[in-house]
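Each chain, written out:
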Protein chains: 2
Amino acid sequence: MSADDQRFGLQRHVTLPGPLPLDGGGRLAPVEIAYETYGTLAPDRGNAVLICHALTMDQHVAGANPRTGKPGWWTQMVGPGRPVDTDHFFVVCANVIGSCMGSSGPATMDPATGKPFGMIFPVITIRDMVRAQALLLDHLGVDRLKAVIGGSMGGMQALSWPATFPDRVEAVVVIASAARHSAQNIAFHEVGRQAVMADPHWRGGDYYGHEVPAAGLAVARMAAHITYLSEAGLTQKFGRKLQARDAKTFGFDADFQVESYLRYQGIAFVDRFDANSYLYITRAMDYFDLAEEHGGLLASAFRQTRARFALISFDTDWLYPTRESRSIVQALNAAGAPVSFVELSSPYGHDAFLLDSPEMNRVVAGFLGTAS
Amino acid sequence: MSADDQRFGLQRHVTLPGPLPLDGGGRLAPVEIAYETYGTLAPDRGNAVLICHALTMDQHVAGANPRTGKPGWWTQMVGPGRPVDTDHFFVVCANVIGSCMGSSGPATMDPATGKPFGMIFPVITIRDMVRAQALLLDHLGVDRLKAVIGGSMGGMQALSWPATFPDRVEAVVVIASAARHSAQNIAFHEVGRQAVMADPHWRGGDYYGHEVPAAGLAVARMAAHITYLSEAGLTQKFGRKLQARDAKTFGFDADFQVESYLRYQGIAFVDRFDANSYLYITRAMDYFDLAEEHGGLLASAFRQTRARFALISFDTDWLYPTRESRSIVQALNAAGAPVSFVELSSPYGHDAFLLDSPEMNRVVAGFLGTAS
């Protein structure tokens, strides 16, 4: 292991032959997967934990992101001595298919044409993402997961795991998530997609090698970002505070700090994310309805598994509010699955799952048996 | 009165010389005001009621809109035998300045250049809108209002009236509104403005006579429209229902009914509203902070007036939630102003104030003394 490997984790990329059959009817082949691993797989291969990432995140869960140099997005949760203890577990985190951090997605090359897929890339589902992760685990020689863990869209994958591969998961942690996208969730995503598609630089998704639809993607991110924060959190952080000049300009500059903050969020996002991937992944989330995949009854999704579950929600999360977690708990109860559930208090809305929360860390450590 | 006048109400337009001094420091002259009146001004001129409209509404509160042929936007509230009884009151509703339904706004002609103002139009405030309404009432010979009534942005104007002209208002009805825009309110408006400005057809606001920034304005409207509805209302109306073909397309068409509905809302809005007016009016709302205008203490805004107040909020309105109304009630109490307040139950979110609500009608009729 080189010094860089230690700093960044083991960054890996694999091209699997597939084909991966997709919920939409097509097949993906080959399947590119970019992933990182932390810790060492035990001789009995029984210590693997899969971390599933959210919409715009990546495989760099605990190691620094080599492109940005920034720390991983969940270093307080995953690492030596952390709740997901890499001294103890072999941790895998893979970029979801449809994304743009190295796994197959609209920006990767279509072997049939030698050009980026663009909108020819097949529409994928959360279950397709999970099936791609299973292919990767096959490749790594991991039959069975000690645990699968995710927040937000990562929680959807974590829920989909025991429903899709009931014998391959022992424990499931679902944080700030839902078993289906609500009408309001879909509505906000549709605003974002329309913002991207309204940008003339989008060019029907065929913008690779040209100017990217930056303005549209920035607007999409701004709208989404509001849903990640609580009203109270925004008031606490920004309220009606003006920018440094401390006076209204009676113009259309960013007078209020919250405007400037949102504009920055939009611009920064464009630098790190592909607009087409944003379309594909939001679509996968909108399509997600675990009950529908199992005859309309959520409990049916969990009848085959013997996994145990932990659910965590945050009281100010209005994107995936506590009632969504409660309905999952009820379904797990109906299916006879062991489940613990806690609603944590936080001013930070949906984003709370990404922030350092001693309570969240304690719940996960307790559930995984790593509490000291 | 012609037959058309009876059907449409008395549509009027007046060019007042002004100048209207503006909060931003400039002056507007002349001041164009498009308005409608219903009923007859009493000989003692003591029966006038001013209705203030919301962001994208117009002066056609009770009579049909002559452009669309559609009924007025508040016919269940204003008309013969209605809570705001036009057999009893002389009702005035004027298009706010900054808007695009006939009053001075960015689309009206700048006398200095003979071309539309565009972004040269001065940034205006809620108080500027109210001052323009006062000019109109001067013109109509109305010294004193029996009542001023408004919902949403109309409620902001209604609140601003007794603060700006304490001797000219006897009663104030504020529905589904707030005394200041919150950080989240500003954030959503900023998304809309950035969506408009990101549209290359916006051309710095100089698009009159050219293609309009339709795509950007439609995205702005879609984002705003979500905030007008409750999560539960969206779920009840649309849930995850698919379009007629009743199957996912695994593409980016509007598969879900809520997507199709939102797209329609965006497109329909572009036909009836000017993009620059959207920028100006959202800015006026974001700037609104009645306490700030009065030394930081909301109660100070009401110390000069002897008006009595009625406030109504809706329990599922998350744009201007009940706590915003409560803080106004507390300020009115502190100022010693008579106030009644009720939170009504509705599944429809912020939009509830525009819908037929027998409870809302009863509260307003009781307050105005028109209950039968």
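Small disclaimer: the values here were computed from a predicted structure and weren't measured.

## Some remarks on the overall build of chain A
Right, so step 1: Scanning chain A for helices and strands turns up ten helices and 14 strands.
Right, so step 2: At 20 Å, chain A has a C-alpha radius of gyration in line with the 21 Å of a compact globule built from 372 residues.
Right, so step 3: With the C-alpha coordinates of chain A rotated into their principal frame, the extents come out at 65 × 50 × 50 Å.
Right, so step 4: Out of the 372 residues belonging to chain A, those deemed buried represent 61%.
Right, so step 5: Element-wise, carbon and sulfur atoms account for 51% of the exposed surface of chain A, whose accessible area totals about 13,700 Å².
Right, so step 6: Computed over 31 positive and 37 negative side-chain charges, the separation of the two mean positions in chain A equals 2 Å.

## Quick look at the pairing of strand β14 (residues 339-344) of chain B
Residues and elements named next belong to chain B.
Right, so step 1: As judged from the six bridges shared by strand β13 (residues 308-314) and β14, these two strands associate in the parallel manner. Among the inter-strand pairings, F309 is bridged to a residue of β14, identified as V339.
Right, so step 2: Traced from β13 through helix α9 (residues 322-334) to β14, the parallel crossover comes out right-handed.

## Focus: the UniProt feature "domain: AB hydrolase-1" (unreviewed entry) in chain A
Right, so step 1: Cross-referencing UniProt, the feature "domain: AB hydrolase-1" (unreviewed entry) maps to residues 47-355 of chain A in the present numbering.
Right, so step 2: Helix and strand shares over residues 47-355 of chain A are 35% and 13% respectively, and the end C-alpha atoms of the span are 26 Å apart.

## Let's talk about the pattern of salt bridges
Right, so step 1: Considering all chains together, one arrives at 34 salt bridges over all chains under this definition.
Right, so step 2: The salt bridge involving R180 of chain A is made with E324 of chain A; its shortest N-O contact spans 3.7 Å. A residue pair is termed long-range when its members are at least 10 positions apart, and R180 of chain A in the loop between β12 (171-175) and α4 (183-198) and E324 of chain A in helix α9 (residues 322-334) qualify at 144 residues.
Right, so step 3: Note on E324 of chain A: relative accessible area 5%, which makes it buried.
Right, so step 4: With its nearest N and O atoms 3.1 Å apart, the salt bridge here joins R131 of chain B to D128 of chain B. With R131 of chain B and D128 of chain B both in helix α2 (residues 126-140) and three residues apart, this pair spans about one turn of that helix.

## Observations concerning the domain arrangement of chain A
Residue and element names in this part refer to chain A.
Right, so step 1: Here the domain parsing of chain A yields domain 1 (3-184 + 289-368) and domain 2 (191-282).
Right, so step 2: Taking only C-alpha atoms, the centre of domain 1 and the centre of domain 2 are 26 Å apart.
Right, so step 3: Tallying the contact residues gives 27 residues for domain 1 and 25 residues for domain 2.
Right, so step 4: In this assembly, domain 1 packs against domain 2 so that about 2,100 Å² is buried in total across both faces, 67% of it on carbon and sulfur atoms.
Right, so step 5: The three residues of domain 1 that bury the most area against domain 2 are L55, T56 and M119, which together make up 29% of that side's buried surface.
Right, so step 6: Across the contact surface, domain 1 and domain 2 share zero salt bridges.
Right, so step 7: For the interface between domain 1 and domain 2, the tally reads ten residue pairs in polar contact (both at pLDDT 80 or more).
Right, so step 8: Of the residues belonging to the side of domain 1 that touches domain 2, the class tally is 19 nonpolar, seven polar and one charged.

What counts as what
Residues numbered from 1 in each chain as written. Chains lettered and ligands numbered in written order. Predicted model: local features only at pLDDT ≥ 70, side-chain atom pairs only at ≥ 80, totals over all residues. Heavy atoms only, no water. Helix = DSSP H or I, 4+ residues; strand = E, 2+ residues; numbered from the N terminus. Rg over C-alpha atoms; globule rule 2.2 N^0.38 Å. Buried < 20%, exposed > 50% of the residue type's maximum accessible area, 1.4 Å probe, protein only. Areas by Shrake-Rupley, 256 points an atom, 1.4 Å probe, with all protein chains shown as cover. Lys, Arg positive; Asp, Glu negative; His and termini not counted. Charge placed at Lys NZ, Arg CZ, Asp CG, Glu CD. Pairing = 2+ DSSP bridges. Right-handed = clockwise from strand over helix to strand, strands pointing away. UniProt positions renumbered as here; feature names shortened; annotations may be inferred. Salt bridge = Lys/Arg side-chain N within 4 Å of Asp/Glu carboxyl O. Domains from an automatic or database assignment. Contact = heavy atoms within 4.5 Å. Buried area = accessible area lost by both parts, 1.4 Å probe. Polar contact = N/O pair within 3.5 Å; in protein donor to acceptor, adjacent residues only side chain to side chain. Nonpolar A, V, L, I, M, F, W, Y, C, P; charged D, E, K, R; others polar.

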